[in-house]
2 protein chains.
Amino acid sequence: MSISDFLITLVPFTPDELNDILSHFKKESVAKNQILVRQGDVCKFLYFIEHGMGRSYYLNENGKEITQWFFGVGKFMTSADSFFQQSPSLYYLEVLQDSLVYSISKEDIDQLFAKYHQMEKLGRLVTTEMLTKIVNKLNAIQFQTAKERYDYMLAEFPDIAHQVPLGHIASYLGMTQETLSRIRK
Amino acid sequence: MSISDFLITLVPFTPDELNDILSHFKKESVAKNQILVRQGDVCKFLYFIEHGMGRSYYLNENGKEITQWFFGVGKFMTSADSFFQQSPSLYYLEVLQDSLVYSISKEDIDQLFAKYHQMEKLGRLVTTEMLTKIVNKLNAIQFQTAKERYDYMLAEFPDIAHQVPLGHIASYLGMTQETLSRIRK
DNA sequence: CCATTTTTTTGATATAGGTCAAAGGAAGCC
DNA sequence: GGCTTCCTTTGACCTATATCAAAAAAATGG
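Rules behind the numbers
- Residues numbered from 1 in each chain as written.
- Chains lettered and ligands numbered in written order.
- Predicted model: local features only at pLDDT ≥ 70, side-chain atom pairs only at ≥ 80, totals over all residues.
- Heavy atoms only, no water.
- Helix = DSSP H or I, 4+ residues; strand = E, 2+ residues; numbered from the N terminus.
- Rg over C-alpha atoms; globule rule 2.2 N^0.38 Å.
- Buried < 20%, exposed > 50% of the residue type's maximum accessible area, 1.4 Å probe, protein only.
- Near = heavy atom within 4 Å.
- Polar contact = N/O pair within 3.5 Å; in protein donor to acceptor, adjacent residues only side chain to side chain.
- Nonpolar A, V, L, I, M, F, W, Y, C, P; charged D, E, K, R; others polar.
- Least-squares fit on C-alpha atoms with pLDDT ≥ 70 in both.
- Contact = heavy atoms within 4.5 Å.
- Buried area = accessible area lost by both parts, 1.4 Å probe.
- Salt bridge = Lys/Arg side-chain N within 4 Å of Asp/Glu carboxyl O.
- Axes fitted to C-alpha atoms, helices over the stretch in contact; angles between N-to-C directions.
- Parallel < 35°, antiparallel > 145°, perpendicular 65-115°, else oblique.
- Left-handed = near helix turned anticlockwise from the far one by under 90°.
- Core = buried A, V, L, I, M, F, W, Y, C linked by side-chain atoms within 4.5 Å.
- Phe/Tyr/Trp six-rings, centres within 6.5 Å; stacked < 30°, edge-to-face > 60°.
- Lys NZ or Arg CZ within 6 Å of the ring centre and 35° of its normal.
- Pairing = 2+ DSSP bridges.

A. How the structure looks around the overall build of chain A. When helices and strands are counted, chain A shows 8 helices and 8 strands. At 17 Å, chain A has a C-alpha radius of gyration in line with the 16 Å of a compact globule built from 185 residues. Its C-alpha atoms put chain A at 55 × 30 × 25 Å along the principal axes. Across the 185 residues that make up chain A, the buried fraction comes to 52%.

This is the structure in structure tokens:
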């Protein structure tokens, strides 16, 4: 899904608005395993994934990587709190496959928010969707067995679930990789 | 905190805008234990809590109440997904103490979103704040021990933690009330 | 295509927190 | 102010999942 298709399905931008908005996004190819943001850095960009996938993760007290979220095709990827507050990121942002993304800076998106009422609406809708998805994850994590949590993963990220290392998924689901391996049988 | 104080700390509304916006909120007294929305109903209103507190909860497969969120003074309370999508609510919304709230309907708030660019921004900011808070809860639930989860509760809801039945808090934190009772000692 | 590294699976054992049952306390109500 | 209902604590036992260790399988790179 292209970024302009994505935008117009959510909000009825005029062609002029759409062109102006798109002109602030920069197309980038990013190689597999590239780190876009490090824990402690300020996240400078918001990325739209046209092709590929990524994840956010952090290092826990034992230095283990804990996946916090997966980002697939047609989604915005960023370290949300860091990007919007321009505060140090709690997470790494990593690209998991060679990807094609469109990036926009905080200043540019703020300008667009201020310039276009409809852009502000887009921001609200995208944030609301994310909120709903996080609530779903929370319910899965909080009250479901390991098996059910894996089913949630398959439903939420069907395209991603079979393309990333099992350890990434296990930490995302709050279980060990041994447990996930046993479940998958 | 009054609703108008709350609004202007987030977004610089003009006095006229503020008056118009406030005129769409209706002041209501709600008695303790009153249910504002039932699971399965469409949530018709968004509530701002000027005084009091509430929670959202659902009934799990065994018919047990599972608290999903607490809402304190100076917060918006609603069944977010149901209200914004006008879909059946997954949650009950219950007032936990005699409360003073300001309510606004979906149609009215949509009208305000459409009318005022700044109102749309308010919506985005409030949603973003909620998103951040849910991520915090998720991290507490997913990776912390029962003891640490209770500490998170005390930090996130200091005013609420000591005023509601222990069972509500236990289910919110994803543990049994027996476990929470043992921890509290 | 072999060597090395990474990822996944399997097995044995440990434990945090759950479940079930029941007793104490506290609070609302006539 | 006693009755009833609700809320909290305590005890005994159990289970899902973690931890630790190591083998097997798959992927990567020169």
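B. Summary view of the protein's contact with DNA strand C. Not every one of the 17 residues close to DNA strand C is listed here, only the nearest: Leu-166, Ser-181 and Lys-185 of chain A together with Ala-146 and Thr-179 of chain B. Backbone atoms, meaning sugar plus phosphate, form 55% of the atoms of DNA strand C positioned within 4 Å of the protein. Here Lys-185 of chain A contributes a side-chain N or O atom positioned 3.0 Å from a phosphate oxygen of DNA strand C. Contributing elements (two or more residues each) for the surface near DNA strand C: α7 (166-172) and α8 (177-184) of chain A together with α6 (146-156) and α8 (177-184) of chain B. With 4 residues, the top contributor of residues to the surface near DNA strand C is α8 of chain A. Here the residues of the surface near DNA strand C sort into 4 nonpolar, 7 polar and 6 charged.

C. Spotlight on the relation of the copies chain A and chain B. For the pair chain A and chain B, the relating rotation is 180°, the translation along its axis is 0.0 Å, and the fit reaches an RMSD of 0.0 Å. This pairing of chains is accounted for by a two-fold axis. Within chain A, Arg-124 of chain A has its C-alpha nearest the rotation axis, a separation of 2.1 Å. Both copies contact each other with a shared surface, as 100% of the interface residues of chain A are interface residues in chain B too.

D. Main features of the protein's contact with DNA strand D. Taken together, 18 residues form the shell around DNA strand D, and within it Ala-146 and Thr-179 of chain A together with Leu-166, Ser-181 and Lys-185 of chain B come nearest. When atoms of DNA strand D within 4 Å of the protein are split into backbone and base, the sugar-phosphate part holds 57%. Interatomic distance of 2.5 Å between a side-chain N/O atom of Thr-179 of chain A and a phosphate oxygen of DNA strand D. Residue Leu-166 of chain B places a main-chain N or O atom 2.8 Å away from a phosphate oxygen belonging to DNA strand D. Elements supplying a minimum of two residues to the surface near DNA strand D: α6 (146-156) and α8 of chain A together with α7 (166-172) and α8 of chain B. Sort the elements by how many residues they give to the surface near DNA strand D and α8 of chain B lands first, with 4 residues. The residue makeup of the surface near DNA strand D, split by class, is 4 nonpolar, 7 polar and 7 charged.

E. Fine view of unusual backbone geometry. Positive phi is not limited to glycine here, since Gln-86 of chain A has a value of about 50°. As for its position among the elements, Gln-86 of chain A is in the loop between α3 (80-85) and β7 (92-95).

F. Region of interest: the interface of chain A and chain B. Taken together, the contact between chain A and chain B spans 33 residues of the former and 33 residues of the latter. At the boundary of chain A with chain B, total buried surface from both sides reaches about 2800 Å², with 65% on carbon and sulfur atoms. Taken together, the connections running from chain A to chain B amount to 2 salt bridges. Residues Glu-120 of chain B and Arg-124 of chain A are paired through a salt bridge, measuring 2.3 Å at the closest nitrogen-oxygen approach.

G. Summary view of the packing of helix α5 (residues 117-143) of chain A against α6 of chain A. Residue and element names in this part refer to chain A. Running from N to C, α5 and α6 cross one another at 160°; their axes reach a closest spacing of 8 Å. Our classification of the angle between α5 and α6 gives roughly antiparallel. Helix-helix and strand crossings are classified by hand; for α5 and α6 the assignment is left-handed. Here Lys-133, Asn-136, Lys-137, Ala-140, Ile-141 and Phe-143 of α5 come into contact with α6, specifically with Glu-148, Arg-149, Tyr-152 and Glu-156.

H. Structural view of the nonpolar core. With 120 residues, the main nonpolar core has Met-153 of chain A together with Met-153 of chain B as its most contacted residues. Among all residues touching Met-153 of chain A, those that are not within four sequence positions of it are Phe-70, Pro-158, Ile-160, Ala-161, Ile-169, Tyr-172 and Leu-173 of chain A.

I. View of the packing of aromatic side chains. Residues and elements named next belong to chain A. The final tally for this structure, using the stated rule, is 28 aromatic pairs over all chains. Between Tyr-57 and Tyr-92 the ring centres are 4.9 Å apart and the planes differ by 10°, which places this aromatic pair in the stacked class. Linking Tyr-57 in strand β4 (residues 54-59) with Tyr-92 in strand β7, this pair joins segments that are 35 residues apart in sequence. The class for Tyr-92 is buried, based on a relative accessible area of 15%. Here the guanidinium or amino end of Arg-55 rests over the ring plane of Tyr-57, the centre of that ring lying 4.0 Å away. Over the aromatic face of Tyr-172 sits the side chain of Lys-137, whose NZ or CZ is 3.7 Å from the ring centroid.

J. Representation of the sheet that holds strand β3 (residues 45-51) of chain A within the structure. Residue and element names in this part refer to chain A. Here 4 strands make up an open sheet; going across it, the order is β1-β8-β3-β6 and the pairing antiparallel. Each of the sheet's edge strands pairs with one partner strand only, and the pair in question is β1 (26-30) and β6 (76-77). Pairing analysis gives 2 bridges linking β3 to β6, with the strands arranged antiparallel. Each bridged residue has a counterpart across the sheet, and for Tyr-47 the counterpart in β6 is Met-77.

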